[in-house]
Amino acid sequence: MAHIFYADKRNLRSDQQKGVNKGNFRKKEENQSWGSSMKGIFRFIAWIGRYRIYRPNKFLPLSSLNAWGHLIGKFLFGSSRSVQKKARASLKALYPSISDKKLTKWVDAFAKYMGMLFIDIGFRLPLTSDLPISTYYDYENIEKLDEALALGKGVIIPTLHIGQHLHVPSMLFQHPKHYTVTSVISIANMTMYENGNRKEFDNLYCYASTKFSKISPYLKRHLESNHILLMYHDYSTKGQLKVPFIQGKFPFLINAPQSYIKLHRLTGAIILPAIAVPDQTFGKSRLIFLDNSSIMKISEEYQNSTTQEFHGRMSTEINRVLYPFARKYAHVWEELMRLPTRRCKDELCFESNSTIANIIGKSKQKMISILEDSFEPERNDKEIKKVIQKFFNKIESDLNDPQKNFRNHKTKIDLSIRDSLSEMCKICQVLNNELSKLTELKAATSFSELEIKLSKIFFLKDPEEIPLQFIDDFEEAYNLCVSQQNFISEWKSKIWRVMKRYILENKVTLQMEAYRTNIINNIKILHNCISKNTMISEDELYLSLKDQTKTGNAVQV
């Protein structure tokens with residue numbers, strides 16, 4: 001029998017108790033898991049497994065069960081506005097330029113996948129233990145696993161919830177070499193594991209807990225015994241370190257699990273990522289062991305660095321290796337709809353009837369926490385914190401009426417699916433706009449200045465993205481316009497964002513004479529557009545600037 005370890009029964013949520021004394025239980029959260037929200041259906045699946053009612057499916061082609069999955073997915077998940085909204089938001093983050101037609105197609109494919117996954121768990125997954133392993137499983141680069149185990153330090157395998165992701169542990173502990181496999185499982189999903197347990201699964205160890213500290217000693221001993229520890233890298237919680245999704249390509253921040261990285265640092269266990277992808281059709285999987293050389297190189301290089309640096313560098317590199325598969329197989333990635341609501345979720349909330357002073361103070365705290373709770377390579381946190389402190393001191397002193405009511409109702413700023421710079425810039429943009437409405441013009445202008453200053457510091461880490469000279473020239477030109485032509489200071493950051501986009505997308509260079517002679521003219525064009533319509537969007541401003549280019553009034557590219 002597989003060894004399933006309950007680490008903390010007394011810490012279960014009230015809806016998970018079984019003969020447990022009353023106490024303080026965690027409040028149930030929405031969208032927790034199938035295990036907690038669909039108990040009745042899982043009991044039905046358990047009944048199917050107990051009496052082997054699934055067995056006739058071995059005589060049927062894979063497409064027959066998949067067809068039922070399509071039908072259930074279409075009506076159960078495809079008809080849910082919540083599922084569609086979340087899937088759409090995630091796909092737009094992964095494919096920013098995706099067309100509406102393709103987006104609808106992918107959302108539909110994702111809904112069908114969820115139905116197939118559900119059907120597969122009950123009616124086909126048990127067959128993988130009854131039939132020869134080659135019926136449903138294939139392996140690629142498995143020699144990498146044997147080479148890692150030969151070092152005798154244990155192996156940590158991070159993977160993702162792609163395809164039939166429950167095949168991953170099964171493909172390891174049912175392999176002819178009888179690998180000993182350890183895995184961390186969700187308490188909410190224990191029903192699935194308990195119902196599928198069999199006496200021949202004696203080389204599988206499952207640990208469930210609400211706190212990693214309760215199970216880490218057991219996991220450490222397994223690694224020291226040269227066992228395999230399987231971890232789902234895309235299953236993270238809000239309090240865990242945030243790092244770029246794919247550094248350099250998709251820089252928005254995502255929570256990354258840190259527990260197994262800590263175990264790696266303690267034990268020296270090898271980290272070897274692996275992904276199970278659908279093999280021609282859903283129901284069959286190919287387990288691919290990936291190249292881990294860059295991960296182990298980072299580990300060696302930063303072994304003696306601070307905890308934040310080590311964990312940040314490791315998480316960023318593991319993301320870079322694994323998450324391209326999440327993007328490629330987005331329509332069969334179970335965690336897809338949790339990207340905007342959990343894994344990349346962030347927001348700044350204000351209570352009703354908060355004063356301007358409270359709003360300013362909370363915004364400052366949020367900016368600092370964004371830095372402290374995340375890691376981006378080469379980001380100069382020390383310098384950024386100094387700038388934040390300096391500007392907020394000025395903003396607080398510039399307020400005319402700090403005790404004035406900000407809003408009568410609760411307010412929140414959505415900061416999800418962004419990198420740290422865009423999170424802080426959005427806070428600056430919102431407060432610039434709101435303080436202008438409250439006639440706190442000096443403070444509003446300071447937020448505009450802070451946004452540009454932050455952009456300048458961040459670009460120091462990536463000078464190839466946009467030369468700093470562009471920012472200096474823009475600031476000088478805009479300040480000149482403010483002093484000579486009564487330009488609105490609060491519009492500065494909005495105009496800068498449009499100018500920056502224009503520079504990047506049209507590959508404007510510092511050497512271009514047109515750029516040098518027309519920078520003030522371009523600022524005037526954008527300022528004039530906003531003065532005519534203060535609600536004009538940045539996309540509309542950008543198109544207006546491009547139209548002026550065609551007529552010869554703006555920078556020619």
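Residues numbered from 1 in each chain as written. Predicted model: local features only at pLDDT ≥ 70, side-chain atom pairs only at ≥ 80, totals over all residues. Heavy atoms only, no water.

Student: Can you explain the pairing of strand E5 (residues 204-208)? Please cite residues and give values.
Tutor: Every other side chain in a regular strand lies on the same face of the sheet, so the side chains alternate between the two faces. The buried fraction of E5 amounts to 4 of the 5 residues, a majority that puts the element mostly inside the structure. Here strand E1 (residues 3-6) runs beside E5; their pairing, made up of 4 bridges, is parallel. Note on E5: the bridge partner recorded for His3 is Tyr205. Summarising the sheet, strand E4 (residues 181-185) and E5 pair through 5 bridges and their orientation is parallel. Residue pairing for E5: Thr182 is matched across the bridge by Tyr205. (Buried < 20%, exposed > 50% of the residue type's maximum accessible area, 1.4 Å probe, protein only. Helix = DSSP H or I, 4+ residues; strand = E, 2+ residues; numbered from the N terminus. Pairing = 2+ DSSP bridges.)

Student: Outline the sheet that holds strand E6 (residues 228-232), listing residues and values.
Tutor: Ordered by their spatial adjacency, 6 strands build an open sheet running E1-E5-E4-E6-E3-E9, and the pairing between neighbours is parallel. Two strands in the sheet have a free side with no partner beyond their single neighbour: E1 and strand E9 (270-271).

Student: Would you mind going over the confidence of the model for the chain in detail, with residue names and values included?
Tutor: Mean pLDDT for the chain: 84, with 85% of residues reaching 70 or above. For residues 10-35, every residue scores under 50 in pLDDT, and the model assigns this stretch 53 contacts once sequence neighbours within four places are set aside. (pLDDT = per-residue confidence, 0-100. Contact = heavy atoms within 4.5 Å.)

Student: Tell me about the sheet that holds strand E2 (residues 137-140), and please be specific about residues and values.
Tutor: Taken in spatial order, the 3 strands line up as E2-E11-E10 in an open sheet, and their pairing is mixed. Edge positions in the sheet fall to E2 and strand E10 (274-279), since each has one partner strand and no second. For this sheet, the mean angle separating the axes of adjacent strands, direction not counted, is 30 degrees. By the bridge criterion, 4 bridges tie E2 to strand E11 (residues 281-289) in an arrangement that is parallel. (Axes fitted to C-alpha atoms, helices over the stretch in contact; angles between N-to-C directions.)

Student: Break down the nonpolar core for me, citing the residues and quoting the values.
Tutor: Counting residues in hydrophobic clusters, the biggest one holds 63 residues, and the most contacted among them are Leu94, Phe245 and Trp333. Per-element tally for this core: the top contributor is helix H5 (residues 100-123), with 10 residues. Look past the residues within four positions of Phe245 in its chain and what remains in contact with it is Leu94, Phe250, Pro251, Phe252, Ile254, Asn319, Arg320, Tyr323 and Trp333. (Core = buried A, V, L, I, M, F, W, Y, C linked by side-chain atoms within 4.5 Å.)

Student: Tell me about the environment of His311, and name the residues and values.
Tutor: Within the fold, His311 resides in helix H13 (residues 307-328). Residues His311 and Val243 lie 68 residues apart in sequence; the distance between their C-alpha atoms is 9.6 Å. If near-sequence neighbours (up to four positions away) are discounted, His311 is found in contact with Leu241, Gln258, Ile261 and Lys262. At 2.8 Å, the side chain of His311 and the side chain of Gln258 are in polar contact. (Polar contact = N/O pair within 3.5 Å; in protein donor to acceptor, adjacent residues only side chain to side chain.)

Student: Just give me the short version of empty space enclosed by the protein, but keep the residues and values in it.
Tutor: In total, this model carries 2 cavities of 30 Å³ or more according to the counting rule given. If you add up the space inside the second largest cavity, you get close to 50 Å³. Lining of the second largest cavity is provided by Asn57, Leu60, Pro61, Leu62, Ser64, Leu65, Arg124, Leu127 and Tyr136. A per-element tally of the lining of the second largest cavity places helix H3 (residues 62-76) first, with 3 residues. Of the residues assigned to the lining of the second largest cavity, the class counts are 6 nonpolar, 2 polar and 1 charged. (1 Å grid on protein atoms, 1.4 Å probe; cavity = no way out; pocket = protein on both sides within 12 Å on 5 of 7 lines; lining within 4 Å. Points joined across faces, edges and corners; volume = space filled by probe spheres on them. Nonpolar A, V, L, I, M, F, W, Y, C, P; charged D, E, K, R; others polar.)

Student: Give me the environment of Ala357: which residues, what numbers.
Tutor: Along the chain, the position of Ala357 falls in helix H15 (residues 356-372). The exposure class of Ala357 is partly exposed, given its relative accessible area of 28%. When the C-alpha positions of Ala357 and Ile395 are compared, they lie 9.8 Å apart, and in sequence the two are 38 residues distant.

Student: Please set out the packing of helix H4 (residues 81-94) against H5 residue by residue, giving values where relevant.
Tutor: Where H4 contacts H5, the axes come no closer than 10 Å and their chain directions differ by 125 degrees. By the criterion of interaxial angle, the relationship of H4 to H5 is oblique. Relative to H5, H4 is oriented so that their crossing is right-handed. Across the interface between the two elements, Val83, Gln84, Ala87, Arg88, Leu91 and Lys92 of H4 pack against Leu103, Thr104, Trp106, Val107 and Phe110 of H5. (Parallel < 35°, antiparallel > 145°, perpendicular 65-115°, else oblique. Left-handed = near helix turned anticlockwise from the far one by under 90°.)

Student: Explain unusual backbone geometry to me, and be specific about the residues and the numbers.
Tutor: Trans peptide bonds make up the majority, and among non-glycine residues the majority have a negative phi. A positive phi is found at Asn353, a non-glycine position, where the angle reads about 60 degrees. Turning to its location among the elements, Asn353 is positioned in the loop between strand E12 (347-350) and H15. Phi angles above zero are rare outside glycine, and Glu378 is one such case at about 70 degrees. Its location among the elements puts Glu378 in the loop between H15 and helix H16 (381-398). Note on Glu378: relative accessible area 52%, which makes it exposed.

Student: Describe a nonpolar patch on the surface, naming the residues involved and giving the relevant values.
Tutor: Together, Trp47, Tyr51 and Ile53 line one region of the surface with nonpolar side chains, adding up to about 320 Å² of accessible area. Topologically, Trp47 is positioned in helix H2 (residues 39-50). (Patch = residues over 30% accessible without salt bridge, like charges linked within 9 Å, V, L, I, M, F, W, Y side chains within 5 Å. Areas by Shrake-Rupley, 256 points an atom, 1.4 Å probe, with all protein chains shown as cover. Salt bridge = Lys/Arg side-chain N within 4 Å of Asp/Glu carboxyl O.)

Student: Residues and numbers for helix H20 (residues 492-505), please.
Tutor: Compared with an ideal rise of 1.5 Å per residue, which puts 14 residues at 20 Å, H20 spans 20 Å between its outermost C-alpha atoms and is within 8% of the ideal. Summarising burial for H20: 10 of the 14 residues are buried, a large majority. Inspection of H20 places Lys492, Ser493, Lys494, Ile495, Trp496, Arg497, Val498, Met499, Tyr502 and Ile503 among the buried residues, and these make up the whole buried set. (Expected span 1.5 Å × (residues − 1).)

Student: Which residues make up H3, and what values go with them?
Tutor: Taking 1.5 Å of rise per residue, 15 residues should cover 21 Å, and H3 covers 21 Å from first to last C-alpha, within 8% of that figure. Regarding H3, the residues found buried are Leu62, Leu65, Asn66, Gly69 and Gly73. Take H3 and look down its axis: the buried residues cluster within an arc of 100 degrees, on one side only. Exposed and oriented more than 90 degrees from the buried face of H3 are Trp68 and Phe75. Packed against the buried residues of H3 are H5 and E11. (Arc of directions from axis to C-beta.)

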